Amino acid sequence: MIMKAILTKLVLSLLIVAGFAPFTSEAQILATSVSPSGYGDRQFDMDTIYSVKRIREDDKMYQIGVWRRIDLREKYNKPLYGAGDTKSNGIINQIYKAVVEENALEVFADDEFTQPLSIAEFQENFWLNATGDSIFTKQLYYLDFKEDFVFDKHHSEMVFDIKYLELVMPSETNSNAGQKTIAFIRYKDFYNHFKNHPEARWINFQNNSKSLTYDEAFETRLFRSVVRRFTNAEDALIADLVSAENPNPEMQAYFDALAFEYKLLEYENSLWEW
């Protein structure tokens, strides 16, 4: 073993003397300094305004828009809904505090973020229903959001790229006058504000020490949602695509939403079959 080590050192010394060491070092530098595409990220278009994901536009091999609804009353979503009768520690009230008390989140009247809402306008939308009656936070149990389902070919992975959240007043809360959009919030703003928040938490009722921040809960998909719309030629809700002759259109819309979910799973699984 000693003789082998001596011979190894001798060979390395001869290589250095012969001038191979500079060649080896240069090869190593080239191998580690060149990106797979030959260019840095700055050479590619990338959504840095609405997205928290670093996905280059040229790397999007497949993309489809998906609009979802989280019903906070569902058992699986209770960690977001909050505790007690007032739900004061739930996500809806935490968003309200971030907008009104902390002035930390911008809110908008449209999903293109071209119509900013003042705090007064937001408060009116939040607290008053169609008849002008005051409501409670716990009555705002719909949290909608839009995301892009993307296959990132650079990293060979499927990505859920959330774009915005939409606070929605249910029709029942809105004096049965139809649901009402309270405000739109850029997901990136939401993510950045709540990622290190000391109080706003996805509450683990079984073990408080394992409660998560909202950004952790959303990025690990710790919620149950229903697809309400996906990119289609009619730009219509799934419910609106159901035949008017269907005897139970609401149930059919639910089944169609599940079928779409399965198609997304099938697409992801089929990528790796071959």
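In this text, all values refer to a predicted model and were calculated from it rather than measured experimentally.

We now examine the pattern of salt bridges. All told, the structure shown has 19 salt bridges when counted by the stated rule. The salt bridge partner of D144 is R69, with a shortest N-O separation of 2.8 Å. In this pair, D144 is assigned in strand β2 (residues 142-152) and R69 in strand β1 (residues 60-71), connecting sequence segments 75 residues apart. E199 is the salt-bridge partner of K97, the closest N and O atoms lying 3.7 Å from each other. Here the residue K97 occupies a position in helix α4 (residues 91-100), and E199 occupies one in the loop between α6 (187-194) and α7 (214-219), the gap between them amounting to 102 residues. Among the charged side chains, a salt-bridge network with shared partners connects D47, K146, D148, D161 and K163.

Next up on the list: the layout of surface pockets. Put simply, the largest pocket is a space of about 530 Å³. For the largest pocket, the lining is made up of 14 residues, of which R69, V226, R228, E250 and A253 are closest to its centre. Put simply, the parts of the chain that give the lining of the largest pocket at least two residues each are β1, β5 (226-230) and α8 (249-270). By residue number, the principal contributor to the lining of the largest pocket is α8, which donates four residues. Considering only residue class, the lining of the largest pocket consists of nine nonpolar, no polar and five charged.

Before going further, it helps to spend a moment on the packing of aromatic side chains. A full pass over the atoms with the stated rule returns 25 aromatic pairs. Centroid distance F145 to F223: 5.5 Å. Interplanar angle 80 degrees. Geometry classified as edge-to-face. Taken together, the residues F145 in strand β2 and F223 in the loop between α7 and β5 connect sequence positions 78 residues apart. Taken individually, F145 and F223 each receive the classification buried, so the pair is uniform in this respect.

Taken together, five strands build an open sheet; the order of strands is β4-β3-β2-β1-β5 and the sheet is antiparallel. Of all strands in the sheet, those with a lone pairing partner are β4 (180-186) and β5, marking the two edges. Taking each pair of neighbouring strands and ignoring which way they run, the sheet shows an average axis angle of 30 degrees. Bridging between β1 and β2 involves 11 bridges; their strand directions are antiparallel. Bridge assignment links I64 to a residue of β2, and that residue is F149. Along the sheet, α8 contacts β1, β2, β3 (157-169) and β5; its crossing angle with β1, the most-contacted strand, is approximately 145 degrees.

Residues I91, F122, F190 and F218 are the most contacted members of the largest nonpolar core, which totals 39 residues. Beyond its immediate sequence surroundings of up to four residues, F218 is in contact with I70, I91, L143, I162, L165, Y187, F190 and F223. Counting residues in each nonpolar core, the second largest holds 14 residues, with V66, A253, F260 and L271 among its members.

Before going further, it helps to spend a moment on the environment of L258. Checked against the element boundaries, L258 lands in helix α8. Sequence separation between L258 and V227 is 31 residues; the distance between their C-alpha atoms is 7.8 Å.

Turning to a nonpolar patch on the surface, a few remarks are in order. On the surface, a cluster of nonpolar side chains totalling about 280 Å² of accessible area is made up of M251, Y254 and F255. Here F255 lies in helix α8.

Reading guide: rules and limits
- Counting of residues starts from 1 at the beginning of each chain's written sequence and follows it residue by residue.
- Only residues with pLDDT of at least 70 are given local features in this predicted model, and only at 80 or more are side-chain atom pairs given and counted; all residues enter the totals for whole chains, interfaces and linings.
- For side-chain calculations, the full set of non-hydrogen atoms in the structure is used, while hydrogens and water are omitted.
- We define a salt bridge as a contact between a side-chain nitrogen of Lys or Arg and a carboxyl oxygen of Asp or Glu at a distance within 4 Å.
- The secondary structure listing takes helices from DSSP runs of H or I that are at least 4 residues long and strands from runs of E that are at least 2 residues long, numbered from the N terminus.
- Of the two site types, the cavity is a set of points on a 1 Å grid over the protein atoms alone where a 1.4 Å probe fits but cannot get out, and the pocket is an open set with protein on both sides within 12 Å along at least five of seven lines, each lined by residues with an atom within 4 Å of a point.
- Grid points are joined across faces, edges and corners, and a volume is the space filled by probe spheres set on the points.
- Any residue that is not Ala, Val, Leu, Ile, Met, Phe, Trp, Tyr, Cys, Pro, Asp, Glu, Lys or Arg is counted as polar, Gly included; the first ten are nonpolar and the last four charged.
- In this scheme Phe, Tyr and Trp rings, the latter by its six-membered ring, pair at centre separations within 6.5 Å, and the angle between planes marks the pair as stacked below 30 degrees, edge-to-face above 60, and tilted otherwise.
- Type-normalised accessible area, obtained with a 1.4 Å probe on protein chains alone, sets the label of each residue: buried when under 20%, exposed when over 50%, and partly exposed for intermediate values.
- Two strands qualify as a pair provided that DSSP identifies no fewer than 2 bridges between them.
- A fitted line through C-alpha atoms serves as each axis, taken over the contacting stretch for helices, and the angle formed by two N-to-C directions is quoted from 0 to 180°.
- We call two residues in contact whenever any of their non-hydrogen atoms come within 4.5 Å of each other.
- In this text, buried Ala, Val, Leu, Ile, Met, Phe, Trp, Tyr and Cys residues form a nonpolar core when linked through side-chain atoms within 4.5 Å.
- Surface patches are drawn from residues lacking salt bridges whose relative accessible area is over 30%; two like charges belong together within 9 Å, two nonpolar side chains (Val, Leu, Ile, Met, Phe, Trp, Tyr) within 5 Å.
- Exposure was quantified through the Shrake-Rupley algorithm and a 1.4 Å probe, taking into account, for residues, occlusion by the shown protein chains and nothing else.

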